[in-house]
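# Analysis of the macromolecular model
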Amino acid sequence: MEKTLFSKIIEGEIPAERLHEDEHCIVIKDINPQAPFHVLVIPKEPIASLSDAKENHAALLGHLMWQCGQMAEQAGLKGYRVVINNGRDAGQTVDHLHLHILAGRSLTWPPG
Ligand code: 5GP
């Protein structure tokens, strides 16, 4: 199977600004930020999308969500949004599950 873009970043083949790494995930700055604070929480296991996650991924999914809270606390964010784009119709462009954390500007609801 061909490596995903994010697997190449995880393995250091493609550079990225890394804010955190542990045995399960990395956190990097988004290359095309949609808010003053925009980072991606990416599991090391290349699950293609949330739809592809299985029951045995439940602990990993929990870890990723928990990590979002940790990153927000570390950055001193008061309000922030966590987004998963699932599938092309929802705007997913990289087929390796990732959680966006967006903050630093007013975030409208409903999202576009
Ligand atoms: P998606 O649209 O799949 O939910 O999000 C993919 C995100 O990855 C986009 O926000 C895009 O800007 C970001 N991205 C794409 N290529 C790169 C890259 O090479 N480096 C980094 N740091 N972010 C990337």
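Presented here is an overview of the structure given in this document.

Criteria and cut-off values
Residues numbered from 1 in each chain as written. Predicted model: local features only at pLDDT ≥ 70, side-chain atom pairs only at ≥ 80, totals over all residues. Heavy atoms only, no water. Patch = residues over 30% accessible without salt bridge, like charges linked within 9 Å, V, L, I, M, F, W, Y side chains within 5 Å. Areas by Shrake-Rupley, 256 points an atom, 1.4 Å probe, with all protein chains shown as cover. Salt bridge = Lys/Arg side-chain N within 4 Å of Asp/Glu carboxyl O. Helix = DSSP H or I, 4+ residues; strand = E, 2+ residues; numbered from the N terminus. Buried < 20%, exposed > 50% of the residue type's maximum accessible area, 1.4 Å probe, protein only. Pairing = 2+ DSSP bridges. Axes fitted to C-alpha atoms, helices over the stretch in contact; angles between N-to-C directions. Contact = heavy atoms within 4.5 Å. Disulfide = S-S within 2.5 Å.

## Observations regarding a nonpolar patch on the surface
A cluster of nonpolar side chains, contributed by Met-65, Tyr-80 and Val-82, occupies part of the molecular surface with about 260 Å² of accessible area. With respect to the element layout, Met-65 can be found in helix H2 (residues 58-75). Judged by its relative accessible area of 48%, Met-65 falls in the partly exposed class.

## Comments concerning the sheet that holds strand S5 (residues 99-103)
Strands sit in the order S1-S2-S3-S5-S4 across an open sheet of five strands; the sheet is antiparallel. Edge strands, defined here as strands with exactly one partner in the open sheet, are strand S1 (18-21) and strand S4 (81-83). The sheet shows a mean angle of 20° between the axes of neighbouring strands, direction not considered. Sitting on the sheet, H2 touches S1, strand S2 (25-29), strand S3 (37-43), S4 and S5, and the angle it makes with S3 is about 150°.

## What about the state of the cysteines?
Inspection of the entire model under this criterion finds zero disulfides. Distance from the sulfur of Cys-25, which forms no disulfide, to the nearest cysteine sulfur (Cys-68) is 8.6 Å. Taking relative accessible area as the criterion, Cys-68 reaches 1% and is therefore assigned buried.

## With respect to the pairing of S1
Of the strand pairs in this sheet, S1 and S2 are connected by three bridges, and their pairing is antiparallel. Across the sheet, residue Arg-18 finds its bridge partner in S2, namely Ile-28. Between the antiparallel neighbours S1 and S2 lie three residues.

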